[in-house]
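Structural description and commentary
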Amino acid sequence: MIEISEDEMKAVLAPELGGVVMSLSFGGKNIFRPAASQEAVAADPREAACYPCVPWFSRLFGGLDFDGRHYELAPTLPVCDPDHALHGHGWVNPWRVTDQSGDHVACWFDHTPGPGLFPFPFFATQEFSVSADQFQIALCVTNSGNAPMPAGLGLHPFFPNTKTSELNFTEYFDQTTPAKGLSPPEKIEHRGPMTDDPVDYTIKRWDGTAEIVHDGLKIAMHSNARILHLYSPEEADFYCAEPISHLPGYFGRDILAPQETMDIFLSLSVENLTC
């Protein structure tokens, strides 16, 4: 594992365990739900604090259909879903560290097609960096083959959820006027704690910003993604607020030409409210 830090900001990373974040804290307070152990993450990367989804997000039910062909895909994490390929290959394979300093780590994952695997070659990179009050992940995927390929990205962080935690963001809506002339709302402001009920919901129009309040910290989230997926099991001690590039179930609309790249980032800026 690798630790990067600056002043009170500290991240522990495990490139060899799927390019995951093991923990992220500020002044000893957890920003991400920390992983229990390396052994737990090795057995199931959902135990990590954050993991990369590349080259797609969510499930590919029944395999992949692209450009008039059907490709059968094996389950990527059978302990989670024994029937379908889920969240790409990045989170279940080791990444190679290509650059490292006290406040920055870059790593690389190279994919070669094979039976039951994503049928297009690609490589992915992640860059992790910290400053005195900020943490950032930048995830990129590049089509390294000679033909167009479908591509998608997501970052899957786990945030601690308590009765006093808040997640604040704005959900925007398409302005389609109903037949009777009623005006739908332009947006809804979501403010306050996550519900105790199970949540599995996609914000289809997001401005790339959110605010998290937890344990005396105010955390400003920024991303270039314009879709946010929310997930939390019933009465869980965590929730996920995941910047993603495509809607679940709609993979294949974004296509990379040979050598073309797409990227996504997640930036968290922290303010200590107890000072």
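Scoring rules and cut-offs
- Residues numbered from 1 in each chain as written.
- Predicted model: local features only at pLDDT ≥ 70, side-chain atom pairs only at ≥ 80, totals over all residues.
- Heavy atoms only, no water.
- Core = buried A, V, L, I, M, F, W, Y, C linked by side-chain atoms within 4.5 Å.
- Buried < 20%, exposed > 50% of the residue type's maximum accessible area, 1.4 Å probe, protein only.
- Helix = DSSP H or I, 4+ residues; strand = E, 2+ residues; numbered from the N terminus.
- Pairing = 2+ DSSP bridges.
- Axes fitted to C-alpha atoms, helices over the stretch in contact; angles between N-to-C directions.

Considerations on the nonpolar core
Formed by 62 residues in total, the largest nonpolar core has its most connected members in Ile31, Phe32, Phe135 and Leu268. Of the residues forming this core, the biggest block, five residues, is contributed by strand 24 (residues 261-272). With 20 residues, the next largest nonpolar core counts Val12, Ala48, Trp91 and Ile244 among its residues.

Points about the pairing of strand 11 (residues 104-111)
A large share of strand 11 lies buried, amounting to six of its eight residues. Alignment of strand 10 (residues 96-101) against strand 11, held across five bridges, turns out to be antiparallel. Within strand 11, the position partnered with Asp99 by the bridge is Ala106. Adjacent in sequence and paired antiparallel, strand 10 and strand 11 are bridged by two residues. Direction of pairing for strand 11 relative to strand 12 (residues 122-130): antiparallel, over a ladder of eight bridges. Bridging across to strand 12, Phe109 finds its partner in Ala124.

Description of the pairing of strand 2 (residues 9-14)
With five of six residues buried, strand 2 is to be regarded as a mostly interior element. With five bridges connecting them, strand 1 (residues 2-6) and strand 2 associate as antiparallel partners. Bridging from a neighbouring strand, Glu3 pairs with Val12 of strand 2. From the end of strand 1 to the start of strand 2, which pair antiparallel, there are two residues, and Asp7 there has a positive phi angle of about 55°. Bridge count for strand 2 against strand 3 (residues 20-26) is six bridges, and the pairing is antiparallel. Following the sheet pairing, Val12 is matched in strand 3 by Ser23. Linking strand 2 back to strand 3 in an antiparallel pair, the connection comprises five residues, with Gly18 at a positive phi of about 95°.

So, the sheet that holds strand 24
With antiparallel pairing, nine strands are arranged side by side in an open sheet as 10-11-12-13-24-20-19-16-17. Two strands close off the open sheet at either side, each with one partner strand: strand 10 and strand 17 (187-190). Looking at each pair of strands side by side, their axes are set apart by 10° on average, direction ignored. In terms of strand pairing, strand 13 (residues 134-143) meets strand 24 through nine bridges, oriented antiparallel. Bridging from a neighbouring strand, Phe135 pairs with Leu268 of strand 24.

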